[in-house]
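# Notes for the structure review
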Amino acid sequence: MAPTDETAQVDQQASPFGTTPPTTPPTPPPGGDTAARGSSMPRWLPRAMVLALTLIAVFQLGSWAFHQLIGLLINILIAFFLALAIEPAVSWMASYGMRRGMATFLVFFGLLIVTAGFVALLGSMLAGQIIKMVEGFPEYLDSVINWINSTFHTDLRRVDVQESLVHSNWLRKYVQNSATGVLDVSAQVLGGLFKLLTITLFSFYFAADGPRLRRALCSVLPPARQAEVLRAWEIAVDKTGGYLYSRGLMALISGIAHYILLESLGVPYAPVLAVWVGLVSQFIPTIGTYLAGALPMLIAFTVDPWYALWVLVFVVIYQQFENYVLQPKLTSKTVDIHPAVAFGSVIAGTALLGAVGALIAIPAVATLQAFLGAYVKRYDVTDDPRVHGRRIRRSSPLRARLRGLFGG
C-alpha cells in the first residue's frame, strides 16, 4: 500500500531516535481538579465561624450580666408588685385632685409609721423578756443543779459550774467567733437596708409614675396590643391589691382572736403578740402559722407551761377555721384560686426566688389565671351524674333475669 501524504508528514516529523513527539498536552489524572477544589476553604465557612464565636461571646456576656444583676432584678420585681398593691389607694387619692407623687408619699409614710411602731413594740417586748431571763438565770441554774444532785447523788455547786464555764476553751472560742461574726451581721444589716431602700425607691417611682410608665409601654405597641397590655395591667392591680387587702383583713381578725386568748390567760405583751401572730401567719405562706404561734407559746410557757399548751390548741383550731371558713369567703372575689394551685405556686415560687417568690407567687398566679380566663371559651356543662361525683348504675343481665324471675 502506498503511503499517504499524512503518513509521510508524520514520518518526516519523527525524531532521529525513532520516537514520536506528543502532539497534545498530557491529560491530568482523574479527579485532579476536584481534589484541588476540595482542598480550598469555602467562602462561607469563615463567616459562619465568626458568627458562631460572636453568638457564644454574646451568650456568655449576657449570662454573666444576668447573674451579676439578678439581685437588682429581684428587687425591681418586688418593687413592681408593691407598686401594684398600693395602686388602688394612690389612684383613689389622686381622683380627689391630689398629685400622685404626694399620694404615694402619704401611703408610704403611713406604712413606715405602722412598721416602725410594730418593730419598736416587738423589740421592747423581746428586750424585756431577755432581761427577765438573764435575771432569773441563777435561779434556773440552781434548780437544775439541785435536780442533778438529787437524781445522780452528786455534789455540784453553782460556783464550780460558773468557774468551769468561764475557763472553758469552747466558751473562749465562742466569744472569738461571735466577735468576728458581729462584722458579718453588720454587713448583712447594711446590705438589707440598702435593698430596702432600693425597693422603696423603685416602688415609689412605679406608683407615682404609673400612667407615664403605661404610656411609654403602649407607645411601642400596636393599638390591639395596647388594649391587651392595659387590661393585663388592670387585672394585675386588682388581684395584687385584693390579695394584700384580704390578707390584711384576715391578719386583723386573727390578731383580735389571739389577743382575746392571750389577755384572758394573762400572758404579758398580749397586744404585740397578737399583731405578730396576725402579720406573720398571713404574709408568710405555708409555715407562717406555726412560726407565728411559736413566740406566744414561748412567752406563755414562762408564765405557766399549761398556757403554752392552750395557745397551741387554739392556734391549730383557728388555723382550720381560717382555712375552711374565713379564707374562702374573703378571697372568693379577690384571689379565687384553688388551694392546691395556691400551694403549688408557693412551692414553685420558693424554689425559683426563695421567700420573695413565696410572697408574690399567689398574686402572680391569680393574675395569670384571670388574664387567660378571658381568652378561654367556656361551654355549658352537661347534666351528667358523673359531673357531680356520682357513678351511673348499670344493670347487669344477671340482675335483669333475677328481677324477671321474682317479679322485681
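Note: the structure precedes this text.
This one's a predicted model, so the numbers in the text were calculated from it and none came from an experiment.

About the thresholds
Residues take numbers from 1 onward in each chain, read along the sequence in its written order. Given that this is a predicted model, residues contribute local features only at a pLDDT of at least 70 and side-chain atom pairs are listed and counted only at 80 or more, while totals for whole chains, interfaces and linings are drawn from all residues. Hydrogens and water are ignored here; the side-chain numbers use all heavy atoms of the structure. Starting at the N terminus, helices and strands are each numbered in turn, a helix being any DSSP run of H or I of at least four residues and a strand any DSSP run of E of at least two. Throughout this description, buried means an accessible area under 20% of the type-specific maximum (1.4 Å probe, protein chains only), exposed means over 50%, and partly exposed covers the range between. Residue contacts are counted whenever heavy atoms from the two residues lie within 4.5 Å of one another. Computed with a 1.4 Å probe, the accessible areas rest on the Shrake-Rupley method; for each residue, only the protein chains presented here act as cover. Geometry is summarised by axes, namely lines fitted to C-alpha atoms with helices restricted to the contacting stretch, and by angles between N-to-C directions that run from 0 to 180 degrees. Crossing handedness follows the turn of the near helix against the far one: under a right angle anticlockwise gives a left-handed crossing, and clockwise gives a right-handed one. Ten residues, namely Ala, Val, Leu, Ile, Met, Phe, Trp, Tyr, Cys and Pro, are considered nonpolar, four, namely Asp, Glu, Lys and Arg, are considered charged, and the remaining ones, Gly among them, are considered polar. Salt bridges, as used here, are contacts in which a Lys or Arg side-chain nitrogen is within 4 Å of a carboxyl oxygen on Asp or Glu. Here, expected helix span is obtained from the residue count minus one, scaled by 1.5 Å. In this scheme Phe, Tyr and Trp rings, the latter by its six-membered ring, pair at centre separations within 6.5 Å, and the angle between planes marks the pair as stacked below 30 degrees, edge-to-face above 60, and tilted otherwise. Under this definition, polar contacts are N or O atom pairs within 3.5 Å; protein pairs additionally need one hydrogen-donor-capable and one acceptor-capable atom, and for neighbouring residues in sequence, both atoms have to be side-chain atoms. The nonpolar core is taken to be a set of buried Ala, Val, Leu, Ile, Met, Phe, Trp, Tyr and Cys residues, with the residues joined through side-chain atoms within 4.5 Å.

### With respect to the overall build of the protein chain
- Check the secondary structure of the protein chain and you find 15 helices and 0 strands.
- Expressed as a percentage of the 408 residues in the protein chain, the buried residues total 24%.
- Sequence separation of at least 24 residues holds for 63% of the intrachain contacts in the protein chain that already meet a minimum separation of 6.
- Counting every atom, the protein chain has about 29600 Å² of accessible surface; 69% of that belongs to carbon and sulfur.

### Section: the packing of helix 9 (residues 223-265) against helix 10 (residues 270-283)
- Running from amino to carboxyl end, helix 9 crosses helix 10 at an angle of 145°, the nearest separation of the two axes being 7 Å. Like other packed secondary-structure pairs, helix 9 and helix 10 cross with a definite hand, here right-handed. In this structure, helix 9 contributes Leu244, Arg247, Gly248, Met250, Ala251, Ser254, Gly255, His258, Tyr259, Leu262 and Glu263 to the contact, and helix 10 contributes Ala270, Pro271, Leu273, Ala274, Val277, Gly278, Leu279, Ser281, Gln282 and Phe283.
- Of the residues in the contact of helix 9 with helix 10, the class split is 12 nonpolar, 7 polar and 2 charged.

### Focus: the pattern of salt bridges
- Taken as a whole and assessed by the stated rule, the structure comprises 2 salt bridges.
- With a shortest N-O distance of 3.3 Å, Glu228 and Arg225 are connected by a salt bridge. Taken together, the residues span about one helical turn, with Glu228 and Arg225 both in helix 9 at a distance of 3 residues.
- The exposure class of Arg225 is partly exposed, given its relative accessible area of 48%.

### A few points about unusual backbone geometry
- Even without being a glycine, Tyr269 presents a positive backbone phi close to 60°.
- The topology assignment puts Tyr269 in the loop between helix 9 and helix 10.

### Here's the deal with the environment of Tyr318
- Along the polypeptide, Tyr318 turns up in helix 12 (residues 305-331).
- The spatial distance from the C-alpha of Tyr318 to the C-alpha of Ser254 is 8.2 Å, given a sequence separation of 64 residues.
- If near-sequence neighbours (up to four positions away) are discounted, Tyr318 is found in contact with Met250, Ile253, Ser254, Ala257, His258 and Leu326.

### Examining helix 11 (residues 288-303)
- End to end, helix 11 covers 24 Å across 16 residues, agreeing with the expected 22 Å (1.5 Å per residue, within 8%).
- Within helix 11, the full set of buried residues consists of Gly288, Thr289, Ala292, Gly293, Leu295, Pro296, Ile299 and Ala300.

### With respect to the packing of aromatic side chains
- Taken as a whole, this structure holds 11 aromatic pairs when the rule is applied.
- Aromatic side chains Phe80 and Phe81 sit 6.2 Å apart centroid to centroid with 85° between the ring planes, which places their arrangement in the edge-to-face category.
- Ring geometry for Tyr318 versus Phe321: centroids 6.1 Å apart, planes at 50°, classification tilted. Note that Tyr318 and Phe321 are positioned in helix 12 at a spacing of 3 residues, about one turn of the helix.
- Note on Phe321: relative accessible area 40%, which makes it partly exposed.

### A look at the side chain of Ser203
- The topology assignment puts Ser203 in helix 7 (residues 169-208).
- For Ser203, the side chain forms a polar contact with the main-chain oxygen of Thr200, separated by 2.9 Å.

### Remarks on the nonpolar core
- Grouped together as the largest cluster of nonpolar side chains are 19 residues, with contacts concentrated most on Leu122, Val267, Leu273, Trp276, Leu295 and Val311.
- If you list the elements that add at least two residues to this core, you get helix 4 (100-135), helix 9, helix 10, helix 11 and helix 12.
- For this core, the element with the most residues is helix 10, which contributes 6 residues.
- If sequence neighbours within four positions are ignored, Leu295 has contacts with Leu122, Met125, Leu126, Leu273 and Trp276.
- Counting residues in hydrophobic clusters, the runner-up holds 11 residues, among them Ile86, Val90, Val107 and Phe206.

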